[in-house]
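Observations on the model geometry
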Amino acid sequence: MVSEFKSCAILLTGATSGLGRAIAEQLAAQGARLYLTGRNHEQLECLARSLPGEHHSLELDLSSCEPIEAALNPWLPSDLYGFCHCAGSVDTRPLKLMKPANSAQQMQVNFLAALEIARIASLKTHMPGQGSLLFISSIYANLGAPGQSAYCASKAALSGAARALAVELALRNIRVNSLAPGFVATAMTLEKAKLSEAALAAILAKHPLGPGSPEQIARAACFLLSPHNTWITGTELIIDGGYSAQ
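Report on the accompanying structure. As the structure is a prediction and not an experimental result, all values here were calculated from the model. (Residues numbered from 1 in each chain as written. Predicted model: local features only at pLDDT ≥ 70, side-chain atom pairs only at ≥ 80, totals over all residues. Heavy atoms only, no water.)

Here the focus is the environment of Arg-175. With respect to the secondary-structure elements, Arg-175 resides in strand β6 (residues 174-181). Classification of Arg-175 as buried rests on a relative accessible area of 5%. Considered as a pair, Arg-175 and Gly-131 are 44 residues apart in the sequence and their alpha carbons are 6.2 Å apart. Contacts of Arg-175, omitting those with residues within four sequence positions, involve Tyr-81, Gly-131, Ser-132, Leu-133, Leu-224, Leu-225, Ser-226, Asn-229, Thr-230, Trp-231, Ile-232 and Thr-233. Of the polar contacts made by the side chain of Arg-175, one reaches the side chain of Ser-132; its length is 3.3 Å. A distance of 3.0 Å separates the side chain of Arg-175 from the backbone oxygen of Asn-229, its partner in a polar contact. (Helix = DSSP H or I, 4+ residues; strand = E, 2+ residues; numbered from the N terminus. Buried < 20%, exposed > 50% of the residue type's maximum accessible area, 1.4 Å probe, protein only. Contact = heavy atoms within 4.5 Å. Polar contact = N/O pair within 3.5 Å; in protein donor to acceptor, adjacent residues only side chain to side chain.)

This is the structure we're talking about:
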(Lines give C-alpha, C1' and ligand atoms only; values in the text may rest on other atoms or scores of the structure.)
Protein backbone atom coordinates (compact mmCIF):
# COMPACT_ATOMS: atom_id res chain seq x y z
CA MET A 1 0.00 0.00 0.00
CA VAL A 2 1.23 3.51 -0.81
CA SER A 3 2.66 5.40 2.18
CA GLU A 4 0.28 8.30 1.64
CA PHE A 5 0.48 9.46 5.25
CA LYS A 6 4.19 8.86 5.80
CA SER A 7 5.40 10.96 8.76
CA CYS A 8 1.93 12.52 9.26
CA ALA A 9 0.72 12.61 12.87
CA ILE A 10 -3.03 11.92 13.12
CA LEU A 11 -5.25 12.13 16.22
CA LEU A 12 -8.07 9.57 16.19
CA THR A 13 -10.89 9.30 18.75
CA GLY A 14 -13.00 6.19 19.28
CA ALA A 15 -10.18 4.04 17.95
CA THR A 16 -10.84 0.75 19.71
CA SER A 17 -13.81 -0.59 17.75
CA GLY A 18 -15.96 -0.28 14.65
CA LEU A 19 -15.18 2.56 12.28
CA GLY A 20 -12.42 3.98 14.48
CA ARG A 21 -10.45 0.74 14.52
CA ALA A 22 -10.81 0.26 10.75
CA ILE A 23 -9.63 3.83 10.10
CA ALA A 24 -6.70 3.35 12.48
CA GLU A 25 -5.65 0.18 10.65
CA GLN A 26 -5.77 1.82 7.23
CA LEU A 27 -3.97 4.98 8.35
CA ALA A 28 -1.23 2.90 9.99
CA ALA A 29 -0.87 0.78 6.85
CA GLN A 30 -0.33 4.00 4.89
CA GLY A 31 2.44 5.20 7.20
CA ALA A 32 0.64 7.55 9.60
CA ARG A 33 1.90 8.16 13.13
CA LEU A 34 -1.24 7.72 15.19
CA TYR A 35 -2.40 9.27 18.45
CA LEU A 36 -5.24 6.98 19.51
CA THR A 37 -7.90 7.70 22.13
CA GLY A 38 -10.71 5.68 23.63
CA ARG A 39 -12.33 4.84 26.95
CA ASN A 40 -10.74 1.39 27.38
CA HIS A 41 -7.02 1.57 28.12
CA GLU A 42 -6.42 -2.15 27.68
CA GLN A 43 -8.08 -2.22 24.26
CA LEU A 44 -6.15 0.89 23.21
CA GLU A 45 -2.82 -0.63 24.17
CA CYS A 46 -3.73 -3.88 22.38
CA LEU A 47 -4.63 -1.94 19.22
CA ALA A 48 -1.46 0.14 19.32
CA ARG A 49 0.68 -3.01 19.62
CA SER A 50 -1.11 -4.64 16.67
CA LEU A 51 -0.53 -1.77 14.23
CA PRO A 52 2.61 -1.26 12.16
CA GLY A 53 4.71 1.82 12.86
CA GLU A 54 4.87 4.17 15.84
CA HIS A 55 1.70 4.88 17.80
CA HIS A 56 0.61 6.45 21.07
CA SER A 57 -2.57 5.83 23.05
CA LEU A 58 -4.50 7.77 25.67
CA GLU A 59 -7.54 6.68 27.67
CA LEU A 60 -9.98 9.56 27.33
CA ASP A 61 -13.56 9.89 28.54
CA LEU A 62 -15.54 12.11 26.18
CA SER A 63 -18.60 12.21 28.43
CA SER A 64 -17.26 15.49 29.86
CA CYS A 65 -15.41 18.29 28.09
CA GLU A 66 -13.68 19.62 31.19
CA PRO A 67 -10.65 17.27 31.42
CA ILE A 68 -10.06 17.01 27.67
CA GLU A 69 -7.72 19.98 27.25
CA ALA A 70 -5.64 19.07 30.30
CA ALA A 71 -5.23 15.54 28.94
CA LEU A 72 -4.53 16.42 25.32
CA ASN A 73 -2.23 19.45 25.52
CA PRO A 74 0.82 17.71 27.01
CA TRP A 75 0.23 14.54 24.98
CA LEU A 76 -0.27 15.86 21.45
CA PRO A 77 2.79 16.48 19.27
CA SER A 78 3.90 19.83 17.88
CA ASP A 79 3.61 18.59 14.28
CA LEU A 80 0.04 17.28 14.21
CA TYR A 81 -1.39 17.03 10.70
CA GLY A 82 -4.86 15.58 11.16
CA PHE A 83 -7.74 14.84 13.51
CA CYS A 84 -10.55 12.35 12.90
CA HIS A 85 -13.48 12.16 15.32
CA CYS A 86 -14.86 8.61 15.21
CA ALA A 87 -16.17 8.39 18.77
CA GLY A 88 -19.94 8.21 18.81
CA SER A 89 -22.97 7.49 20.96
CA VAL A 90 -26.44 6.33 20.00
CA ASP A 91 -29.47 5.68 22.18
CA THR A 92 -32.67 4.67 20.40
CA ARG A 93 -35.67 6.08 22.27
CA PRO A 94 -39.09 7.34 21.19
CA LEU A 95 -39.83 10.92 22.18
CA LYS A 96 -42.14 9.91 25.04
CA LEU A 97 -39.21 8.13 26.73
CA MET A 98 -36.60 10.80 26.11
CA LYS A 99 -35.05 12.52 29.12
CA PRO A 100 -32.69 15.52 29.00
CA ALA A 101 -29.81 13.30 30.13
CA ASN A 102 -30.31 10.96 27.16
CA SER A 103 -30.08 13.83 24.68
CA ALA A 104 -27.21 15.52 26.52
CA GLN A 105 -25.05 12.40 26.49
CA GLN A 106 -25.33 11.98 22.72
CA MET A 107 -24.75 15.68 22.07
CA GLN A 108 -21.71 15.59 24.35
CA VAL A 109 -19.93 12.67 22.68
CA ASN A 110 -21.06 13.18 19.08
CA PHE A 111 -20.80 16.97 18.84
CA LEU A 112 -19.46 18.95 21.81
CA ALA A 113 -16.41 16.75 22.40
CA ALA A 114 -15.64 16.81 18.66
CA LEU A 115 -15.73 20.60 18.61
CA GLU A 116 -13.54 20.88 21.72
CA ILE A 117 -10.94 18.43 20.44
CA ALA A 118 -10.91 20.18 17.05
CA ARG A 119 -10.22 23.45 18.86
CA ILE A 120 -7.32 21.95 20.81
CA ALA A 121 -5.87 20.00 17.88
CA SER A 122 -5.91 23.00 15.55
CA LEU A 123 -3.99 25.26 17.94
CA LYS A 124 -0.72 26.46 16.41
CA THR A 125 1.20 24.75 19.21
CA HIS A 126 -0.05 21.41 17.84
CA MET A 127 -0.90 22.11 14.19
CA PRO A 128 1.56 24.78 13.02
CA GLY A 129 1.09 24.22 9.29
CA GLN A 130 -1.58 22.90 6.98
CA GLY A 131 -3.84 20.20 8.33
CA SER A 132 -7.00 18.17 7.92
CA LEU A 133 -9.94 17.70 10.29
CA LEU A 134 -12.56 15.03 9.64
CA PHE A 135 -15.81 14.42 11.53
CA ILE A 136 -17.57 11.08 11.13
CA SER A 137 -21.17 12.22 10.90
CA SER A 138 -24.07 10.13 9.60
CA ILE A 139 -26.66 10.02 6.86
CA TYR A 140 -29.02 10.83 9.73
CA ALA A 141 -27.59 14.33 9.80
CA ASN A 142 -29.82 14.88 6.77
CA LEU A 143 -32.58 12.28 7.18
CA GLY A 144 -34.93 11.40 10.01
CA ALA A 145 -35.49 8.09 11.76
CA PRO A 146 -37.92 7.03 14.50
CA GLY A 147 -36.38 7.01 17.96
CA GLN A 148 -33.28 8.88 16.79
CA SER A 149 -34.16 12.52 17.45
CA ALA A 150 -31.11 13.23 19.64
CA TYR A 151 -28.76 11.24 17.43
CA CYS A 152 -29.98 12.98 14.26
CA ALA A 153 -29.67 16.38 15.97
CA SER A 154 -26.13 15.70 17.20
CA LYS A 155 -24.94 14.56 13.78
CA ALA A 156 -26.61 17.51 12.04
CA ALA A 157 -24.79 19.82 14.45
CA LEU A 158 -21.51 18.07 13.64
CA SER A 159 -22.00 18.45 9.88
CA GLY A 160 -22.94 22.12 10.25
CA ALA A 161 -19.90 22.80 12.39
CA ALA A 162 -17.64 21.21 9.77
CA ARG A 163 -18.87 23.63 7.11
CA ALA A 164 -18.38 26.65 9.36
CA LEU A 165 -14.91 25.55 10.45
CA ALA A 166 -13.89 24.90 6.85
CA VAL A 167 -14.40 28.58 6.09
CA GLU A 168 -12.87 29.77 9.36
CA LEU A 169 -9.70 27.66 9.16
CA ALA A 170 -9.06 28.01 5.43
CA LEU A 171 -6.73 30.98 6.06
CA ARG A 172 -4.41 28.54 7.85
CA ASN A 173 -4.74 25.88 5.13
CA ILE A 174 -6.57 23.57 7.51
CA ARG A 175 -9.25 21.60 5.70
CA VAL A 176 -12.43 20.46 7.48
CA ASN A 177 -14.78 17.83 6.09
CA SER A 178 -17.37 15.34 7.29
CA LEU A 179 -18.23 11.82 6.25
CA ALA A 180 -21.85 10.63 6.36
CA PRO A 181 -22.17 6.84 6.36
CA GLY A 182 -25.37 4.92 5.98
CA PHE A 183 -25.90 1.70 7.93
CA VAL A 184 -22.62 -0.02 8.78
CA ALA A 185 -22.54 -3.21 10.84
CA THR A 186 -20.62 -2.31 14.01
CA ALA A 187 -21.07 -2.98 17.72
CA MET A 188 -22.69 0.43 18.10
CA THR A 189 -25.27 -0.05 15.36
CA LEU A 190 -26.02 -3.69 16.14
CA GLU A 191 -25.97 -3.65 19.94
CA LYS A 192 -25.98 -0.18 21.47
CA ALA A 193 -28.64 1.17 19.10
CA LYS A 194 -31.09 -1.35 20.61
CA LEU A 195 -32.91 -1.92 17.33
CA SER A 196 -35.53 -4.64 17.07
CA GLU A 197 -35.12 -7.30 14.39
CA ALA A 198 -37.97 -5.73 12.43
CA ALA A 199 -36.45 -2.23 12.65
CA LEU A 200 -33.04 -3.54 11.56
CA ALA A 201 -34.55 -5.43 8.63
CA ALA A 202 -36.43 -2.30 7.53
CA ILE A 203 -33.22 -0.24 7.58
CA LEU A 204 -31.27 -2.84 5.61
CA ALA A 205 -34.04 -3.07 3.02
CA LYS A 206 -33.60 0.65 2.29
CA HIS A 207 -29.94 0.22 1.28
CA PRO A 208 -29.90 -0.82 -2.42
CA LEU A 209 -26.30 -2.04 -2.15
CA GLY A 210 -26.80 -3.57 1.27
CA PRO A 211 -25.08 -2.54 4.50
CA GLY A 212 -21.62 -1.04 4.45
CA SER A 213 -18.46 -2.32 6.11
CA PRO A 214 -16.05 -0.44 8.39
CA GLU A 215 -13.32 -0.95 5.80
CA GLN A 216 -15.33 0.88 3.13
CA ILE A 217 -15.83 3.85 5.43
CA ALA A 218 -12.16 3.79 6.39
CA ARG A 219 -11.07 4.09 2.75
CA ALA A 220 -13.28 7.16 2.32
CA ALA A 221 -11.96 8.66 5.57
CA CYS A 222 -8.35 8.22 4.44
CA PHE A 223 -9.20 9.91 1.14
CA LEU A 224 -10.59 12.99 2.88
CA LEU A 225 -7.76 13.14 5.42
CA SER A 226 -5.02 12.67 2.83
CA PRO A 227 -2.39 15.43 2.49
CA HIS A 228 -2.70 14.95 -1.30
CA ASN A 229 -6.29 16.29 -1.36
CA THR A 230 -5.53 19.87 -0.45
CA TRP A 231 -8.47 21.42 -2.36
CA ILE A 232 -11.26 19.50 -0.63
CA THR A 233 -12.84 21.33 2.29
CA GLY A 234 -16.34 22.05 3.58
CA THR A 235 -17.55 18.84 1.97
CA GLU A 236 -19.77 16.11 3.38
CA LEU A 237 -19.14 12.82 1.59
CA ILE A 238 -22.19 10.58 1.67
CA ILE A 239 -21.35 6.88 1.55
CA ASP A 240 -24.56 4.96 2.11
CA GLY A 241 -25.05 2.28 -0.54
CA GLY A 242 -27.75 4.34 -2.26
CA TYR A 243 -29.93 4.85 0.83
CA SER A 244 -30.37 8.61 0.35
CA ALA A 245 -30.80 8.37 -3.42
CA GLN A 246 -34.37 7.11 -2.98
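The rest of the description comes next.
We now examine the packing of helix α4 (residues 100-121) against helix α5 (residues 149-169). For the pair α4 and α5, interaxial distance at closest approach is 9 Å and the crossing angle is 15 degrees. If you check the angle between α4 and α5, you find them roughly parallel. With respect to the hand of their crossing, α4 and α5 are arranged in right-handed fashion. Here α4 contributes Ser-103, Gln-106, Met-107, Asn-110, Phe-111, Ala-114 and Leu-115 to the contact with α5, which in turn contributes Ala-150, Tyr-151, Ala-153, Ser-154, Lys-155, Ala-157, Leu-158, Ala-161 and Leu-165. (Axes fitted to C-alpha atoms, helices over the stretch in contact; angles between N-to-C directions. Parallel < 35°, antiparallel > 145°, perpendicular 65-115°, else oblique. Left-handed = near helix turned anticlockwise from the far one by under 90°.)

All right, on to the packing of helix α1 (residues 18-29) against helix α8 (residues 214-225) then. Relative to each other, α1 and α8 sit at 55 degrees, their axes nearing to 8 Å. One way to sum up the angle between α1 and α8 is to call them oblique. In the packing of α1 onto α8, the handedness of the crossing is right-handed. Across from Gly-18, Leu-19, Ala-22, Ile-23, Gln-26 and Leu-27 in α1, the residues of α8 making contact are Pro-214, Glu-215, Ile-217, Ala-218, Arg-219, Ala-221, Cys-222 and Leu-225. Counted by class, the contact of α1 with α8 contains 10 nonpolar, 2 polar and 2 charged residues. (Nonpolar A, V, L, I, M, F, W, Y, C, P; charged D, E, K, R; others polar.)

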